[in-house]
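Listed here are the chains, written in short residue letters.
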Amino acid sequence: VKAAQELIRSCGEPVVVWTWHRDVAAAIAKPFPNAVVVTGAESRKKRDEKIDLFKSGSANVFVSTMAAGGLGIDLTTARITVQAEMSWTAADMSQAEGRVFRSGQLKPCVTYWLIADDTIEQHIVEALWRKANFAAALGQELSGDRKMMSEVTGAKSLEALSDEEIAQSLLSVIEKSFDLVGGD
């Protein structure tokens, strides 16, 4: 919470902050009298009023849970987003960032991910990297038309493998893909 607040103060321009938990959203916004908070607890009308306050410039800090504000709104008033909490699903964070990084945005955009050592956010980000690299590795062409899975298993088709062999192969692919991004 403190890191997000310090970052907001240092920006000196409109900022959109994404959280997962309502209480974290409220805590981050607390020291900013001109902040608006959208958590899903408010009515649709109140939510729209808060969005309009931010878009008009009356509020320069927009703090929202990804579930309540991550879809279907335009927040291009800002060019800076802060992921104060992470989702286990990369698509949630991408959608949230997309409220600022969208068609019609004329300014270069930046997203800050607040990740500290030994936190759940660190574990989430590591899992997201593994998922992304695993998906990429499965589709990656290696040595002509052979897929990484075929290289790892030596099989021409997955049907020829037992469930245990497939599971072991998948673990090998995960390990290889994690090595590609410098994992341990």
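Relevant structure appears above.
All values derive from a computational prediction rather than experimental measurement.

**What to know about the packing of aromatic side chains**
Throughout the structure, instances matching the rule amount to 2 aromatic pairs. Between Trp-18 and Phe-62 the ring centres are 6.3 Å apart and the planes differ by 70°, which places this aromatic pair in the edge-to-face class. Of this pair, Trp-18 sits in strand β1 (residues 15–19) while Phe-62 sits in strand β3 (residues 61–65); the two residues are 44 residues apart in sequence, bridging distant segments of the chain. Look at Phe-62 and you get buried, because its relative accessible area is 0%. With a centroid separation of 5.5 Å and an interplanar angle of 55°, the aromatic rings of Phe-54 and Phe-62 are classed as tilted. In this structure, Phe-54 and Phe-62 share a single accessibility class: buried. Linked through ring pairs, Trp-18, Phe-54 and Phe-62 together constitute an aromatic cluster.

**Describing the sheet that holds β1**
A sheet is described by the order of its strands in space; here 5 strands give the open sequence β2-β3-β1-β4-β5, paired in parallel fashion. Of all strands in the sheet, those bounded by a partner on one side alone are β2 (35–38) and β5 (110–113). Strand-to-strand twist in this sheet, taken as the mean axis angle between neighbours without regard to direction, amounts to 15°. Sheet topology places β2 next to β3; 4 bridges connect them, and they run parallel. Residue Val-37 lies in a different strand from β3, and its bridge partner there is Val-63. Helix α5 (residues 90–97) rests against β1, β4 (80–83) and β5 of the sheet, and its axis sits at about 155° to β4.

Cut-offs applied
- Residues numbered from 1 in each chain as written.
- Predicted model: local features only at pLDDT ≥ 70, side-chain atom pairs only at ≥ 80, totals over all residues.
- Heavy atoms only, no water.
- Phe/Tyr/Trp six-rings, centres within 6.5 Å; stacked < 30°, edge-to-face > 60°.
- Helix = DSSP H or I, 4+ residues; strand = E, 2+ residues; numbered from the N terminus.
- Buried < 20%, exposed > 50% of the residue type's maximum accessible area, 1.4 Å probe, protein only.
- Pairing = 2+ DSSP bridges.
- Axes fitted to C-alpha atoms, helices over the stretch in contact; angles between N-to-C directions.
- Contact = heavy atoms within 4.5 Å.

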